[in-house]
Amino acid sequence: IAIAATANALASGGGGGSSGPAIPSASTPQYDPAVEFKNGLDAMKTSRFKDAQRAFDRVLAVNSRHVQANFMAGFSRASQGNDKAANRYYEKAIKFDPNFILAHRELALSHLRLDDRERTTAILSELKQRATACAETCPQAADFEATISALEAALAPSAPPPAADGKSTGQFVPSPKLGDRAYLQAIALINEHRYDDAIAQLQDASLTFGPHPDILTYLGFANRKLGRFGIAESYYRQALASAPRHVGATEYYGELMVERGDLAGARRMLAKLENYCDFGCAEVDELRRWIMVAQARS
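First, a word on scope: everything that follows refers to the structure included in this document. (Residues numbered from 1 in each chain as written. Predicted model: local features only at pLDDT ≥ 70, side-chain atom pairs only at ≥ 80, totals over all residues. Heavy atoms only, no water.)

Examining the packing of helix 7 (residues 117-134) against helix 8 (residues 141-155)
Helix-helix packing is described using two parameters, namely the angle between the two axes and the distance between the axes. Condition: Fitting a line to C-alpha atoms yields each axis, with helices limited to the stretch in contact; the angle taken between N-to-C directions then spans 0 to 180 degrees. The numbering of helices and of strands both runs from the N terminus, where a helix is a DSSP run of H or I of at least 4 residues and a strand a run of E of at least 2. Convention used here: angles under 35 degrees read as roughly parallel, angles over 145 as roughly antiparallel, angles from 65 to 115 as roughly perpendicular, and any remaining angle as oblique. Left-handed describes a crossing whose near helix is turned anticlockwise from the far helix by less than a right angle; the clockwise case is right-handed. Between two residues, a contact is recorded if the distance between any of their heavy atoms is within 4.5 Å. Note on residue categories: nonpolar means Ala, Val, Leu, Ile, Met, Phe, Trp, Tyr, Cys or Pro, charged means Asp, Glu, Lys or Arg, and polar means any other residue, Gly included.
Interaxial distance between helix 7 and helix 8 falls to 10 Å at its minimum, and their mutual angle equals 150 degrees. Here helix 8 runs roughly antiparallel to helix 7, going by the angle between their axes. Seen from above, helix 7 lies across helix 8 with left-handed handedness. Touching Arg117, Thr120, Thr121, Leu124, Leu127, Lys128, Arg130, Ala131 and Cys134 of helix 7 are Ala141, Phe144, Thr147, Ile148, Leu151, Glu152 and Leu155, all from helix 8. Among the residues making up the contact of helix 7 with helix 8, the classes are represented as 9 nonpolar, 3 polar and 4 charged.

What follows is the structure, given as structure tokens:
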């Protein structure tokens, strides 16, 4: 009941419908990409690296922009000794989310294993600059500190070559309990309008649950509230790629279209919602209200 109330508070206060998603835990019905992500993690934990690679590649076949899936696709390849291939996936993860510090770390260590100390040093220098700008106040402050320390130790003259194997997977993957906690904390932070902090928590939850459409929808919502419309649209599209009939993502995507002045697109989202909700639902009423308000102002 408490979880449902938290989700409802977000929806009513954030411009969405009145029903929030259930917490994405092991007891919640999973969509295929999320199931494949879990399969990949299970394979990594038991050193079945090729199986893990195949699972993460299946996730990316549905959702090519998912940050954590790209990261784990890279890590599964690095665990098989293929750092060159791994780097392509680390770079994609960084491209889609420059604040995903773990990808910077593994990319730097991978270059070090490839005897490219210059590239590793350059990544370390960039992270130090960002950490200074962060000044221990941004959500990634602890990640910056840990990553900088790890890279400095790896670059020491007497340091052994950094290893890449599935035994270290646990440091990247919180337990389902911690994933649930991060998800709930994110919703609380969104209700407090602390969107950057919420995004960091949602990314942590995504390391456990993969491309779960509820998490992707809230990542879109938080970025939209920060005015990052392009990023928000990407997350809404990712959510709908994982679950095409997800009413929350459909409604929020329609609201984004209204904010961008695309009323025709918003009406298309409304028509989809009306098709999904045979007996009516709050998401239909809310998006219709947004469209009517925008029409009245034009």
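Notes on the environment of Glu255
Filter applied, for reference: Under the rule applied, a polar contact is a pair of N or O atoms within 3.5 Å (in protein, one hydrogen donor and one hydrogen acceptor; residues adjacent in sequence only if both atoms are side-chain atoms).
Mapped onto the elements, Glu255 comes out in helix 13 (residues 247-259). Sequence spacing of Glu255 and Ile291 is 36 residues, and the spatial spacing of their C-alpha atoms is 8.1 Å. Looking at Glu255, its side chain comes within polar contact range of the side chain of Arg224, at 2.8 Å.

Some remarks on the environment of Ile190
Definition in use: Each residue is assigned to one of three classes by its accessible area relative to the maximum for its type, calculated with a 1.4 Å probe on protein chains only: buried under 20%, partly exposed between the two thresholds, exposed over 50%.
When you line up the elements, Ile190 lands in helix 9 (residues 176-191). Residue classification places Ile190 among the buried residues on the basis of a relative accessible area of 2%. Sequence separation between Ile190 and Lys225 is 35 residues, and the spatial gap between their C-alpha atoms is 9.4 Å.

Some words on the layout of surface pockets
To keep it simple, the criterion reads: In this analysis the probe radius is 1.4 Å and the grid spacing 1 Å, with only protein atoms considered; a cavity is a set of points the probe fits into but cannot get out of, a pocket is an open set with protein on both sides within 12 Å along at least five of seven lines, and lining residues have an atom within 4 Å of a point. Grid points are joined across faces, edges and corners, and a volume is the space filled by probe spheres set on the points.
Space inside the largest pocket adds up to approximately 790 Å³. At the level of elements, helix 5 (83-96), helix 6 (101-113), helix 8, helix 10 (195-209) and helix 12 (229-242) are the ones that each hand at least two residues to the lining of the largest pocket. Take the lining of the largest pocket: its biggest share by element is 8 residues, from helix 10.

With respect to the packing of aromatic side chains
Operational definition: Two rings from Phe, Tyr or Trp (for Trp, the six-membered ring) form a pair when their centres sit within 6.5 Å of each other. Planes less than 30 degrees apart are called stacked, planes more than 60 degrees apart edge-to-face, and all others tilted. By definition here, charges over rings are those cases where NZ of Lys or CZ of Arg is within 6 Å of the ring centre and within 35 degrees of the ring normal.
By the definition in use, this model includes 8 aromatic pairs. With a centroid separation of 5.4 Å and 90 degrees between ring planes, the pair formed by Phe71 and Phe100 is classed as edge-to-face. Within this pair, whereas Phe71 is found in helix 4 (residues 67-78), its partner Phe100 is found in the loop between helix 5 and helix 6, the two being separated by 29 residues in sequence. With relative accessibility at 0%, the residue Phe71 sits in the buried group. Exposure remark for Phe100: the relative accessible area of 7% places this residue in the buried category. Three or more aromatic residues link up through ring pairs in this structure, and these residues are Phe71, Phe75, Tyr90 and Phe100. When the ring centre of Tyr89 is taken as reference, the NZ or CZ atom of Lys92 above it lies at 5.1 Å.

What about the state of the cysteines?
The condition is simple: The criterion for a disulfide is a pair of cysteine sulfur atoms lying within 2.5 Å.
Evaluated as defined, the whole model comprises 2 disulfides. Covalent S-S linkage joins Cys134 and Cys138, the inter-sulfur distance amounting to 2.0 Å. Disulfide Cys134-Cys138: the torsion about the S-S bond is -105 degrees, which places it as left-handed. You can call Cys134 buried: its relative accessible area is 6%. Classification of Cys138 by relative accessible area gives partly exposed; the value is 21%. Two residues, Cys277 and Cys281, share a disulfide whose sulfurs are 2.1 Å apart. Around the S-S axis, the bridge from Cys277 to Cys281 shows a dihedral of about 70 degrees and counts as right-handed. The class for Cys277 is buried, based on a relative accessible area of 13%. The exposure class assigned to Cys281 is buried, which follows from its relative accessible area of 17%. What links to what in the chain: the bonded cysteines, counted in sequence order, pair as 1-2, 3-4.

Structural notes on a positive patch on the surface
For the record, the criterion: The patches described consist of residues with a relative accessible area above 30% and no salt bridge, like charges being joined within 9 Å and nonpolar side chains (Val, Leu, Ile, Met, Phe, Trp, Tyr) within 5 Å. Exposure was quantified through the Shrake-Rupley algorithm and a 1.4 Å probe, taking into account, for residues, occlusion by the shown protein chains and nothing else. In the sections that follow, a salt bridge refers to a side-chain nitrogen of Lys or Arg positioned within 4 Å of a carboxyl oxygen of Asp or Glu. Counted as positive: Lys and Arg. Counted as negative: Asp and Glu, with His and the chain ends omitted from the count. Charge placement uses NZ in Lys and CZ in Arg. For Asp and Glu, CG and CD serve respectively.
Residues Arg65, Lys84, Arg88, Lys92 and Lys95 make up a contiguous surface patch of positive charge. Residue position: Lys84 is located in helix 5. Assessed through its relative accessible area of 65%, Lys84 is described here as exposed.

Side note on helix 9
What counts here: Expected span of a helix: the number of residues minus one, times 1.5 Å.
Taking 1.5 Å of rise per residue, the 16 residues of helix 9 would be expected to cover 22 Å, and the 23 Å separating its terminal C-alpha atoms lies within 8% of that figure. Just downstream of helix 9, His193 is the residue with a positive phi angle, here 65 degrees.

So yeah, pure geometry; function would need other evidence.
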